[in-house]
Amino acid sequence: MAFDKDDAIEEYVLSHIDEEGDLLKQLNRDAHVNLLKPRMLSGHLQGRMLKMFCRMMQPKYILEIGTYTAYATLCLAEGAADDAVIHTLEVNDELEDFIMKYLHKTKLKDKIHLHIGDAMQIIPTLDCVFDLVFIDANKRHYIEYYDLIFDKVRPGGLIVADNTLWDGHVLETPKPSDKQTIGIKAFNDMVAKDDRVEKVILPIRDGLTLIWKK
Ligand SMILES: C[S@@+](CC[C@H](N)C(=O)[O-])C[C@H]1O[C@@H](n2cnc3c(N)ncnc32)[C@H](O)[C@@H]1O
């Protein structure tokens, strides 16, 4: 078998960072066996990063747009203080049983409020000033999510957007039917021009943009 340097580096990184822990390992395996598109979950490296952001920032109010399995939600909860409040939004009600099965296995669930429904409808009803927002739902609507949450993020708060390199498709000219690539590219262009924020794109996994509100 050919030696793949990227795979070897990933293995090296994962063997030199904190473990994800038994619960997240179990969730990850369960998702790969029983759910469609298990690659959508944040995974070991990104999960430890999200936890680290919470360790560093100590956010009180966190919003996650796009729960899927609650892998990332649990990572955010691990890093956040005991009195933190995490609102996580998921439109697919078929995921609720899976999510709750894992939330019920840990005391971290005390920090987590799961909302089943469309983020576009739910966000305007959330009466919070957020310290940290993780945008990770429908790639077609990143700009709408950003516009909806912007005034709810405190100055000095952090917005993290996932999949912003979209498997490298951001370098291409998308077909008019490829609304996800169009959505991500428009989001990246909009953020790049937004002088209300400081931003960096981390080329880890599928691209993670860190957006700090001035
Ligand atoms: C990439 S997955 C989220 C992964 C998760 N944040 C993690 O890192 O483990 C995206 C999720 O967003 C959900 N989603 C898509 N559109 C949504 C919307 N309008 N409101 C809420 N959730 C949405 C999808 O059903 C899917 O489960």
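Please refer to the structure placed before this passage.
Residues numbered from 1 in each chain as written. Predicted model: local features only at pLDDT ≥ 70, side-chain atom pairs only at ≥ 80, totals over all residues.

Draft legend 1. Region of the structure containing the overall build of the protein chain. Within the protein chain, the secondary structure is distributed over eight helices and seven strands. Its C-alpha atoms give the protein chain a radius of gyration of 17 Å, near enough to 17 Å, the size a compact globule of 214 residues would have. The C-alpha extent of the protein chain, read off along each of the three principal axes, is 45 × 40 × 35 Å. Per-residue burial for the protein chain yields a buried fraction of 37% across its 214 residues. (Helix = DSSP H or I, 4+ residues; strand = E, 2+ residues; numbered from the N terminus. Rg over C-alpha atoms; globule rule 2.2 N^0.38 Å. Buried ≥ 20, exposed ≤ 12 C-beta atoms within 10 Å, placed from the backbone.)

Draft legend 2. Structural context of the packing of helix 7 (residues 142-150) against helix 8 (residues 179-193). Running from N to C, helix 7 and helix 8 point in directions that differ by 40°, and their axes come no closer than 8 Å. Put simply, helix 7 runs oblique to helix 8. Here helix 7 contributes Y142, I143 and Y146 to the contact with helix 8, which in turn contributes G183, I184, A186, F187 and M190. Within the contact of helix 7 with helix 8, the residues separate by chemical class into seven nonpolar, one polar and no charged. (Axes fitted to C-alpha atoms, helices over the stretch in contact; angles between N-to-C directions. Parallel < 35°, antiparallel > 145°, perpendicular 65-115°, else oblique. Contact = placed C-beta atoms within 7 Å. Nonpolar A, V, L, I, M, F, W, Y, C, P; charged D, E, K, R; others polar.)

Draft legend 3. Region of interest: the sheet that holds strand 1 (residues 61-65). Sheet architecture is open: seven strands sit in the order 3-2-1-4-5-7-6, paired in mixed fashion. At either margin of the open sheet sits one strand with a lone partner, and together these are strand 3 (112-116) and strand 6 (197-202). Going from strand to strand, the sheet's axes swing by 15° on average, the running direction of each strand aside. Contacting strand 4 (130-135), strand 5 (153-162) and strand 7 (208-213), helix 3 (residues 43-57) runs over the sheet at an angle of about 170° to strand 4. (Pairing = 2+ DSSP bridges.)

Draft legend 4. Structural view of the site of the ligand. Taken together, 19 residues surround the ligand, and among them S42, G66, Y68, A72 and A119 come closest. At the level of secondary structure, the elements contributing two or more residues to the shell around the ligand comprise helix 4 (71-79), strand 2 (85-90) and helix 6 (119-122). Among the residues making up the shell around the ligand, the classes are represented as 10 nonpolar, five polar and four charged. (Near = placed C-beta within 6 Å.)

Draft legend 5. Region of the structure containing unusual backbone geometry. In the Ramachandran plot, K37 falls in the positive-phi region, its phi being about 55° despite a non-glycine side chain. With respect to the helices and strands, the residue K37 is situated in the loop between helix 2 (22-34) and helix 3. In this structure, W166 is a non-glycine residue whose phi angle is positive, near 45°. Inspection of the secondary structure puts W166 in the loop between strand 5 and helix 8.

Draft legend 6. Representation of the environment of A137 in the model. If you trace the backbone, A137 turns up in the loop between strand 4 and helix 7. For A137, a count of 21 C-beta atoms within 10 Å corresponds to the buried category. Placed 67 residues apart in sequence, A137 and I204 show a C-alpha to C-alpha distance of 18 Å. Excluding its chain neighbours within four sequence positions, the residues that come into contact with A137 are I65, G66, A119 and Y145.

Draft legend 7. Geometry of helix 4. Extensive coverage of helix 4 is indicated by the burial of nine of its nine residues. By the burial criterion, the buried members of helix 4 are Y71, A72, T73, L74, C75, L76, A77, E78 and G79.

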